[in-house]
Amino acid sequence: MANRAVSSSQPVQLPVPIAALGEGPHWDVASSALYWVDVPAGRVHRLADDGGHVSWDAGQPVGAVVPRASGGLVLAARDGFLAMDTGTGAVTPLAPVEADRPGNRMNDGSCDRAGRFYAGTMAADESPGAGSLYRLDPDLRLTRLFDGVGISNGIGWSPDETRMYYVDSLAYQVDVMDYDPATGEIGRRRCLATLGNGEVVPDGLTVDAEGCIWVAIWGGGAVQRYRPDGRLKQIIELPAAHVTSCAFGGKDLDVLYISTAAGHGAAAGALFACRPGVTGQECHPFRG
Ligand code: CA
């Protein structure tokens, strides 16, 4: 499949549909497949390791997708957390989010090792401070962790899960919080790195096996790799300005998948892959 054509840190475009706003790549170890979404299209995509591509219609804008350990998928979508049956495509609510804020939708999200699904919200018109970050526990209990978020974006953990990384794009920074993997409790939030300005903002992120943080730069046509102390270590450039998120996948977790959105660039909206020379951590399913 396309993976075999991915031999260097130079990103190659994968043979999948161009997205209006491609987001949230997630490698499912159990099925050797990559999942991602096209947000405004409400489309959920799957690319198997053998090259087979399939997609589903969520019926509403969808910000993130993760596999569900008990079967099917879980989406962070306009109306909240939804379950999707991949056999029928049927979508059912798991936990409504911000039904009192019809201008908001859910955006980026990710699961910790225990299978807790963290995802945040944003105003469709990008009103500052209108969003929040939520956690959906495996028992389907919903918790709002904090509010005052502009555009809730990348979420990831250090390899020992004692640190959680978080991006509010409108704050132009990657934050770090203490994290208790036993309880899911988050501690003090502080800035790890400040980046971007104007229309250039940090977007999605992933954390590799060495604990470095790969941040997609919306408007900047790049993914930037930061050390855990916040120093910039490496940059991967893409032929698309609006780089939205990234995740490691492949059999050896050595392929970095990178999503982009329409706009500037020769391959805007394409999905890319490269082998940057380091391995990632496993993406985790929702364990509810
Ligand atoms: Ca995003």
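This one's a predicted model, so the numbers in the text were calculated from it and none came from an experiment. (Residues numbered from 1 in each chain as written. Predicted model: local features only at pLDDT ≥ 70, side-chain atom pairs only at ≥ 80, totals over all residues. Heavy atoms only, no water.)

A. Summary view of the packing of aromatic side chains. On inspection of all chains with the given rule, the structure shows 7 aromatic pairs. Judged by centre distance (5.4 Å) and plane angle (65°), the rings of Tyr 118 and Trp 157 are edge-to-face. You can see Tyr 118 sitting in strand E11 (residues 117-123) and its partner Trp 157 sitting in strand E14 (residues 152-157), a full 39 residues away along the chain. The pair Tyr 118 / Trp 157 is uniform in exposure class, with both members buried. Arranged with centres 5.8 Å apart and planes meeting at 80°, the rings of Trp 214 and Phe 248 form a pair that is edge-to-face. Linking Trp 214 in strand E19 (residues 213-218) with Phe 248 in strand E22 (residues 243-249), this pair joins segments that are 34 residues apart in sequence. The exposure class of Trp 214 is buried, given its relative accessible area of 0%. Site record: aromatic cluster; members linked through ring pairs are Tyr 118, Trp 157 and Tyr 179. (Phe/Tyr/Trp six-rings, centres within 6.5 Å; stacked < 30°, edge-to-face > 60°. Helix = DSSP H or I, 4+ residues; strand = E, 2+ residues; numbered from the N terminus. Buried < 20%, exposed > 50% of the residue type's maximum accessible area, 1.4 Å probe, protein only.)

B. Structural detail: the pattern of salt bridges. One pass over the structure, following the stated rule, counts 15 salt bridges. Asp 137 serves as the salt-bridge partner of Arg 135, at 3.2 Å between the closest nitrogen and oxygen. There is no split in this pair, since Arg 135 and Asp 137 are both buried. The partner of Asp 252 in a salt bridge is Lys 251, and the shortest N-O contact between them spans 3.5 Å. Of the residues examined, Asp 252 reaches a relative accessible area of 46% and is grouped as partly exposed. Each of the salt bridges in this network shares a partner with another, and the network as a whole consists of Asp 112, Arg 116, Arg 135, Asp 137, Asp 139 and Arg 141. (Salt bridge = Lys/Arg side-chain N within 4 Å of Asp/Glu carboxyl O.)

C. View of the sheet that holds strand E23 (residues 255-260). The 4 strands lie next to each other as E1-E24-E23-E22, forming an open sheet whose pairing is antiparallel. In this open sheet, the two edge strands, each paired with only one partner strand, are strand E1 (12-13) and E22. (Pairing = 2+ DSSP bridges.)

D. A look at the sheet that holds strand E21 (residues 232-237). Ordered by their spatial adjacency, 4 strands build an open sheet running E18-E19-E20-E21, and the pairing between neighbours is antiparallel. Two strands in the sheet have a free side with no partner beyond their single neighbour: strand E18 (201-207) and E21. Between one strand axis and the next, the sheet turns through 25° on average, direction left out of account. Pairing of E18 with E19 involves 5 bridges; the strand directions are antiparallel. Residue pairing across strands places Thr 206 opposite Trp 214, the latter belonging to E19. (Axes fitted to C-alpha atoms, helices over the stretch in contact; angles between N-to-C directions.)

E. Structural context of unusual backbone geometry. The phi angle at Glu 98 is positive, at roughly 55°, despite the residue not being glycine. Counting through the fold element by element, Glu 98 comes out in the loop between strand E9 (91-96) and strand E10 (104-111). Assessed through its relative accessible area of 11%, Glu 98 is described here as buried. In this structure, Glu 161 is a non-glycine residue whose phi angle is positive, near 55°. Topologically, Glu 161 is positioned in the loop between E14 and strand E15 (163-168). Glu 161 gets classed as buried once you look at its relative accessible area, which sits at 4%.

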